[in-house]
Amino acid sequence: EFDKMREEDRVAIHEAMEQQTISVAKAGITTVLNSRTAVLAAANPVFGRYDDSMSAAENIDFMPTILSRFDLIFIVRDVRDAKRDEDIARHVMRIHINAAAAAADEEAGVGGGAAEEESDGEMGLHRMRRFIAFAKSRVAPRLSAEAMDRLREFYVQMRREQRALKTAAAASAVDAGNSHQRAAARAEGHEAASVVPITVRQLEALVRVSEAVAKSELATHATVDHADEAIRLFRQSTLAAAKSGVVSAEGGLPAHLQRKARDVEAAIQRALPLGSEPMALERLRKSIANPDTNVFRWVLSTMKRRDELVEVDEGRRVRRNK
């Protein structure tokens with residue numbers, strides 16, 4: 001769980017992920033060791049559950065210097081879906097059943113039994129391990145000239161889009177009426193452009209993913225098709241994570257209500273300062289200028305889930321908690 005690492009350990013991993021080396025200084029001996037392993041990290045959101053009312057930068061409490069060192073970043077939401085829940089439960093049960101069968105085979109002195117080979121895919125676990133070991137030791141593909149051109153074009157396009165976002169934010173800040181709106185417009189544009197900054201590190205990540213895709217096919221060169229697959233993975237993971245925010249396709253607010261939700265939340269925070277007396281819900285709703293009823297209820301539910309609001313008098317009044 002990456003989010004539970006100590007701050008000094010989180011900083012120390014920078015060298016391993018960027019330089020692929022680890023510096024060791026102990027007992028008067030100073031040396032540098034090569035780091036030849038992939039880093040697969042998982043982290044919880046700030047409030048323990050991904051909050052669709054906040055941006056990705058607010059949900060992911062990591063410095064951009066850490067995030068930019070990962071090749072692919074996926075946001076995994078716990079979406080309530082009966083079919084998906086059934087598939088997950090069946091998968092967990094199958095793991096336990098296969099583990100028991102594998103332990104029985106090992107105790108009987110039988111290796112690579114049927115339990116190990118059972119798989120829903122095209123390749124069993126034992127064969128998959130042998131295939132990965134073979135590909136890692138025997139195949140070292142390099143980018144072709146066409147693949148390099150495709151990755152370069154994509155990188156330049158992403159940088160151009162990032163500049164366009166910042167320019168649009170600056171223009172909207174100039175056109176905004178008051179200082180509060182100008183600051184909000186600047187912050188929104190900056191956030192959209194810099195949650196996961198598009199730098200040379202992302203270009204290097206695309207190169208590594210392209211070569212990895214080619215290696216999975218035991219190819220000697222990474223072609224345009226491999227580069228396209230790397231770009232698709234990058235779009236579906238890191239770019240999707242950078243652009244995710246208030247909008248959510250599974251239960252969040254529609255896009256046209258996002259700004260209203262932010263305005264309602266700010267109005268509630270102004271109406272209920274920290275340390276103030278509890279306020280009746282109806283009075284709180286009337287203190288907000290023309291609030292959408294659904295948006296108001298959704299913001300209230302979200303703030304309660306984050307423990308920012310606490311219900312009193314059996315839910316008739318609310319109090320600001322933090």
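Residues numbered from 1 in each chain as written. Predicted model: local features only at pLDDT ≥ 70, side-chain atom pairs only at ≥ 80, totals over all residues. Heavy atoms only, no water.

Run through the side chain of E211, naming residues and quoting values.
Note that E211 resides in helix α9 (residues 200-216). Buried and unpaired, E211 has R142 as its nearest opposite-charge partner, separated by 4.0 Å. In contact with E211, not counting residues within four places along its chain, are P141, R142, L143 and A222. (Helix = DSSP H or I, 4+ residues; strand = E, 2+ residues; numbered from the N terminus. Buried < 20%, exposed > 50% of the residue type's maximum accessible area, 1.4 Å probe, protein only. Lys, Arg positive; Asp, Glu negative; His and termini not counted. Salt bridge = Lys/Arg side-chain N within 4 Å of Asp/Glu carboxyl O. Contact = heavy atoms within 4.5 Å.)

For the sheet that holds strand β6 (residues 309-312), give the residues involved together with the corresponding values.
Pairing is antiparallel across the open sheet formed by three strands, whose spatial order is β5-β7-β6. The open sheet is flanked by β5 (279-280) and β6, the only strands paired with a single partner. (Pairing = 2+ DSSP bridges.)

Describe helix α11 (residues 258-271), naming the residues involved and giving the relevant values.
Between its first and last C-alpha atoms α11 spans 20 Å; for 14 residues at 1.5 Å apiece the expected length is 20 Å, and the two agree. For α11, the elements touching its buried residues are α12 (281-286), α13 (293-305) and β6. (Expected span 1.5 Å × (residues − 1).)

Break down the nonpolar core for me, citing the residues and quoting the values.
If you look at the biggest cluster of nonpolar residues, it comprises 17 residues, and the most contacted ones within it are V264, I268, L284, F296 and V299. Among the secondary structure elements, those contributing two or more residues to this core are α11 and α13. Ranked by the residues each element gives to this core, the list is headed by α13, at six residues. If we skip the residues at most four places from it in the chain, V264 touches I288, V295, F296 and V299. Grouped together as the second largest cluster of nonpolar side chains are 15 residues, A147, I198, A214 and F234 included. (Core = buried A, V, L, I, M, F, W, Y, C linked by side-chain atoms within 4.5 Å.)

Summarise the side chain of R320; cite the residues concerned and give the values.
For R320, the position within the fold is in strand β7 (residues 317-320). For the buried residue R320, which engages in no salt bridge, the nearest side chain bearing the opposite charge is E308, 5.5 Å off. A polar side-chain atom of R320 sits 3.2 Å from the main-chain carbonyl oxygen of Q269. A polar side-chain atom of R320 sits 2.8 Å from the main-chain carbonyl oxygen of L272. If we ignore the near neighbours within four places in the chain, the residues touching R320 are Q269, L272, P273, L274, E308 and L309. (Polar contact = N/O pair within 3.5 Å; in protein donor to acceptor, adjacent residues only side chain to side chain.)

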